[in-house]
Protein chains: 2
Amino acid sequence: MRMLINVPETVVADALRGIAAAHPDLTVDVENRVIIRRDAPVAGQVALVSGGGSGHEPLHGGFVGPGMLSAACPGEVFTSPVPDQMARAAAAVDSGAGVLFVVKNYTGDVLNFDMAAELAEDEGIQVAKVLVNDDVAVTDSLYTAGRRGTGATLFVEKIAGAAAAEGQPLERVEAVGRQVNENSRSFGVALSAVTTPAKGTPTFDLPSGELELGIGIHGEPGRERRAMMTSGEIADFAVHAILEDMPPRNPVLVLVNGMGATPLLELYGFNAEVQRVLGDRGVTVARTLVGNYVTSLDMAGASVTLCQVDEELLRLWDAPVKTPALRWGM
Amino acid sequence: MRMLINVPETVVADALRGIAAAHPDLTVDVENRVIIRRDAPVAGQVALVSGGGSGHEPLHGGFVGPGMLSAACPGEVFTSPVPDQMARAAAAVDSGAGVLFVVKNYTGDVLNFDMAAELAEDEGIQVAKVLVNDDVAVTDSLYTAGRRGTGATLFVEKIAGAAAAEGQPLERVEAVGRQVNENSRSFGVALSAVTTPAKGTPTFDLPSGELELGIGIHGEPGRERRAMMTSGEIADFAVHAILEDMPPRNPVLVLVNGMGATPLLELYGFNAEVQRVLGDRGVTVARTLVGNYVTSLDMAGASVTLCQVDEELLRLWDAPVKTPALRWGM
């Protein structure tokens with residue numbers, strides 16, 4: 001245990017108090033675990049609500065603000081939030097234009113967001129959903145039926161959020177979100193296991209000198225375990241796995257994402273290798289983002305997400321955004 | 001070794017290639033190891049140049065851009081850059097209004113920036129320097145005579161950078177930088193040791209279940225080693241150590257900084273405790289920043305920096321900035 005915490009039981013509540021103190025633009029309901037942009041509901045705009053287990057910060061709370069999410073609902077660490085949280089968030093942010101739920105494809109999240117949609121609809125709120133399932137590494141896993149939702153969540157939340165900020169109607173914002181997901185693919189690797197506060201020991205055994213190819217964001221198993229590879233070899237493996245599944249015809253957005261404990265120095269070096277492979281394969285890069293965005297607590301490792309964009313999606317990606325973790329143009 | 005690298009020898013060059021690919025607003029000279037804002041020199045503006053050993057990213061390269069640094073010079077990991085780098089950077093960014101060197105107080109950096117200043121002055125460039133020495137934990141260390149420069153570097157670079165962006169003259173930008181440093185104090189803790197690529201094993205031995213109070217950003221020893229403490233106890237210790245040295249009369253900027261491998265979930269929880277202690281001590285908080293900004297590769301832990309600000313310094317802190325790691329208002 002090398003954790004900067006009080007006790008495992010209060011980790012999420014403590015973090016919410018810390019988010020509230022740092023970000024006066026957000027309203028944080030610590031008791032009910034909902035993070036809301038302070039100016040919600042925004043008249044005439046569709047509201048975006050997301051959420052999921054804690055431990056992936058800045059996802060989702062760090063993406064709440066103008067141009068992205070209207071609200072986020074954090075669950076316990078690696079555990080889905082409950083339907084009441086999302087329903088409460090939907091009620092708080094709905095302006096009458098409807099609410100889009102952005103849901104990562106994990107069994108618990110899917111079930112709970114479905115129930116939340118029913119609860120919200122019972123209150124007269126119009127709800128649509130986008131399911132994010134971008135991870136090409138495995139189908140079905142410890143937490144998932146079908147493909148897992150990982151790095152593409154950032155692209156869906158940013159781009160659909162921009163469409164909502166322009167006043168586009170719910171069916172259009174939903175369509176944009178689906179388009180982003182359908183055009184996104186991810187692949188991740190772990191160089192170390194992850195330790196949750198409640199367990200206090202690594203959730204799986206990854207001997208020093210080995211890596212797990214195709215890891216999920218909860219440390220669930222990937223495709224295979226190998227002896228340590230170089231940054232260049234990992235980039236080759238990850239990018240080829242993605243391109244095999246989705247050979248892009250259009251330029252791509254690139255997310256080189258740290259899992260939490262890999263230094264930024266190494267992430268930038270890895271980005272150089274990812275760009276080399278993309279260049280060799282003739283893929284045009286429109287924008288690149290490097291950093292820790294969709295993390296797995298203290299796991300060392302990284303993931304690559306590519307999102308194929310047309311002019312409209314690129315325009316929405318570039319649109320102003322003002323959140324704790326992603327901010328430009330305002 | 002759980003590093004996402006090719007070989008230790010190319011870690012810095014690889015990262016520079018990755019920075020170049022991700023940030024088209026920056027010009028990266030990989031061979032000479034200089035990162036420059038693309039629109040430099042900016043007519044009528046003092047230029048800020050900083051640098052230091054690599055391994056503290058996003059410091060300093062991530063702080064290059066309008067409203068902050070004009071250029072950054074990364075050395076090898078935990079090793080000062082050489083005078084030629086800073087002199088080259090100064091020549092590239094000087095508009096004729098002069099250059100301010102922002103130097104963290106480590107023996108090698110101080111010496112090399114002094115030599116760089118002489119080289120630049122020989123070329124007719126007017127140079128001033130601000131030494132950052134904010135760490136209250138220890139005086140003199142493995143790398144330092146006097147106090148170490150740590151988290152306050154971010155405040156000095158942002159606030160002096162804003163003064164420069166307004167067209168303030170060199171002596172005034174220098175004075176602002178000195179004022180920020182004099183009004184800043186930091187204290188850091190390590191929950192794990194740091195591993196450099198070249199060494200491949202932890203640089204010191206920190207048994208699981210212990211922490212080092214007053215750690216430096218290279219893993220150099222702090223004040224004392226203790227059995228693991230709670231987040232609240234660590235906040236008490238760190239904030240009291242700072243306030244003992246500088247009882248602020250004015251509001252403060254708060255930086256709750258991760259050392260690299262501590263999850264953002266924990267940093268926000270730690271921030272809640274830091275804010276609690278400040279509240280108990282009657283200190284008014286003007287702004288809070290939480291994240292990994294002045295890191296120590298894969299070290300787990302955090303540091304607290306307080307910067308006491310008057311209205312003018314707060315105005316400069318809030319001024320627009322556009323860099324990879326710190327961005328608002330543009």
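An unreviewed UniProt entry lists chain A under the name phosphoenolpyruvate--glycerone phosphotransferase, with Streptomyces cellostaticus given as the organism. Per its UniProt entry, chain A bears the Catalytic activity (unreviewed entry) comment "dihydroxyacetone + phosphoenolpyruvate = dihydroxyacetone phosphate + pyruvate". Listed in UniProt under the heading Pathway (unreviewed entry), the comment for chain A reads: "Polyol metabolism; glycerol degradation."

Caption draft 1: Inspection of the overall build of chain A at higher detail. Counting its secondary structure elements, chain A contains eight helices and 14 strands. In terms of overall dimensions, chain A is globule-like: its C-alpha atoms have a radius of gyration of 19 Å, near the 20 Å expected for 330 residues. Principal-axis analysis of the C-alpha atoms places the extent of chain A at approximately 55 × 50 × 35 Å. In chain A, which comprises 330 residues, the share counted as buried stands at 64%. Residue pairs at least 24 apart in sequence account for 72% of intrachain contacts in chain A once pairs closer than 6 positions are excluded. As displayed, chain A offers around 10900 Å² of accessible surface, 50% of which is attributable to carbon and sulfur atoms. On chain A, the mean spot of the 25 positive side-chain charges and the mean spot of the 41 negative ones are 3 Å from each other.

Caption draft 2: Layout of the sheet that holds strand S7 (residues 184-190) of chain B. Residue and element names in this part refer to chain B. Strand order in the open sheet formed by six strands is S9-S8-S7-S12-S10-S11, with mixed pairing between adjacent strands. Across the chains shown, the open sheet's two edge strands, defined by having one partner strand only, are strand S9 (224-227) and strand S11 (285-291). Shown here is a sheet whose adjacent strand axes are inclined to one another by a mean of 15°, direction ignored. Docked against the sheet, helix H4 (residues 152-165) engages S7, strand S10 (252-258), S11 and strand S12 (301-308), running at close to 125° with respect to S10.

Caption draft 3: A look at empty space enclosed by the protein. As enumerated under the stated definition, the model contains eight cavities of 30 Å³ or more in all. Each pocket or cavity is described by its volume, and for the largest cavity that value is around 200 Å³. Lining the largest cavity are 23 residues, and of these Ile19(B), Ile35(B), Glu57(B), Leu59(B) and Gly61(B) sit closest to its centre. Of all the secondary-structure elements, those providing two or more residues to the lining of the largest cavity are helix H7 (264-280) of chain A together with helix H1 (11-22), strand S3 (47-54) and strand S4 (71-77) of chain B. Partitioning the lining of the largest cavity into residue classes produces 14 nonpolar, eight polar and one charged. Considered as a void within the structure, the second largest cavity measures approximately 100 Å³ in volume. In terms of lining residues, the second largest cavity is bounded by 14 residues, among which Arg37(B), Gln45(B), Val46(B), Ala47(B) and Ser70(B) are the most central.

Caption draft 4: Inspection of the relation of the copies chain B and chain A at higher detail. You can overlay chain B on chain A at an RMSD of 0.0 Å; the transform is a turn of 180° with a shift of 0.0 Å along its axis. Both copies are brought into coincidence by an operation consistent with a two-fold rotation axis. The C-alpha atom lying nearest the rotation axis in chain B is that of Ala261(B); the distance is 2.0 Å. Taken as a fraction of all interface residues of chain B, those also at the interface in chain A reach 100%, which identifies the copy contact as same-surface.

Caption draft 5: Representation of the nonpolar core in the model. Leu100(A), Phe187(A), Leu100(B), Leu154(B) and Phe187(B) are the most contacted members of the largest nonpolar core, which has 202 residues in total. Excluding residues that lie within four positions of it along the chain, Leu100(A) makes contacts with Val46(A), Ala47(A), Leu48(A), Val49(A), Ala128(A), Lys129(A), Val130(A), Ala160(A), Leu170(A), Val173(A) and Glu174(A).

Caption draft 6: Inspection of the interface of chain B and chain A at higher detail. Taken together, the contact between chain B and chain A spans 56 residues of the former and 56 residues of the latter. Between chain B and chain A, roughly 4400 Å² of surface is buried when both sides are summed, and carbon and sulfur atoms account for 62% of that area. When residues of chain B are sorted by the area they lose upon contact with chain A, Arg2(B), Leu4(B) and Leu265(B) head the list and together hold 20% of the total. Linking chain B to chain A there are two salt bridges. Arg17(B) is the salt-bridge partner of Glu273(A), the closest N and O atoms lying 3.3 Å from each other. Inspection of the region where chain B meets chain A yields 20 residue pairs in polar contact (both at pLDDT 80 or more). Elements with a minimum of two residues in the side of chain B that touches chain A: H1, helix H6 (231-245), helix H7 (264-280), S11 and strand S14 (327-328) of chain B. With 11 residues, H7(B) is the largest single contributor of residues to the side of chain B that touches chain A.

Caption draft 7: Just the UniProt feature "domain: DhaK" (unreviewed entry) in chain A, in detail. UniProt records the feature "domain: DhaK" (unreviewed entry) for residues 7-328 of chain A in the present numbering. The span residues 7-328 of chain A is 33% helical and 24% strand by assignment, and the distance between its end C-alpha atoms comes to 36 Å.

Caption draft 8: Geometry of the layout of surface pockets. If you add up the space inside the second largest pocket, you get close to 850 Å³. Along its surface, the second largest pocket is lined by 42 residues, and Arg2(A), Ser192(A), Asp298(A), Arg2(B) and Ser192(B) are the ones closest to its centre. Tallied by class, residues from the lining of the second largest pocket come to 21 nonpolar, 13 polar and eight charged.

The rules we used
- Residues numbered from 1 in each chain as written.
- Chains lettered and ligands numbered in written order.
- Predicted model: local features only at pLDDT ≥ 70, side-chain atom pairs only at ≥ 80, totals over all residues.
- Heavy atoms only, no water.
- UniProt positions renumbered as here; feature names shortened; annotations may be inferred.
- Helix = DSSP H or I, 4+ residues; strand = E, 2+ residues; numbered from the N terminus.
- Rg over C-alpha atoms; globule rule 2.2 N^0.38 Å.
- Buried < 20%, exposed > 50% of the residue type's maximum accessible area, 1.4 Å probe, protein only.
- Contact = heavy atoms within 4.5 Å.
- Areas by Shrake-Rupley, 256 points an atom, 1.4 Å probe, with all protein chains shown as cover.
- Lys, Arg positive; Asp, Glu negative; His and termini not counted.
- Charge placed at Lys NZ, Arg CZ, Asp CG, Glu CD.
- Pairing = 2+ DSSP bridges.
- Axes fitted to C-alpha atoms, helices over the stretch in contact; angles between N-to-C directions.
- 1 Å grid on protein atoms, 1.4 Å probe; cavity = no way out; pocket = protein on both sides within 12 Å on 5 of 7 lines; lining within 4 Å.
- Points joined across faces, edges and corners; volume = space filled by probe spheres on them.
- Nonpolar A, V, L, I, M, F, W, Y, C, P; charged D, E, K, R; others polar.
- Least-squares fit on C-alpha atoms with pLDDT ≥ 70 in both.
- Core = buried A, V, L, I, M, F, W, Y, C linked by side-chain atoms within 4.5 Å.
- Buried area = accessible area lost by both parts, 1.4 Å probe.
- Salt bridge = Lys/Arg side-chain N within 4 Å of Asp/Glu carboxyl O.
- Polar contact = N/O pair within 3.5 Å; in protein donor to acceptor, adjacent residues only side chain to side chain.

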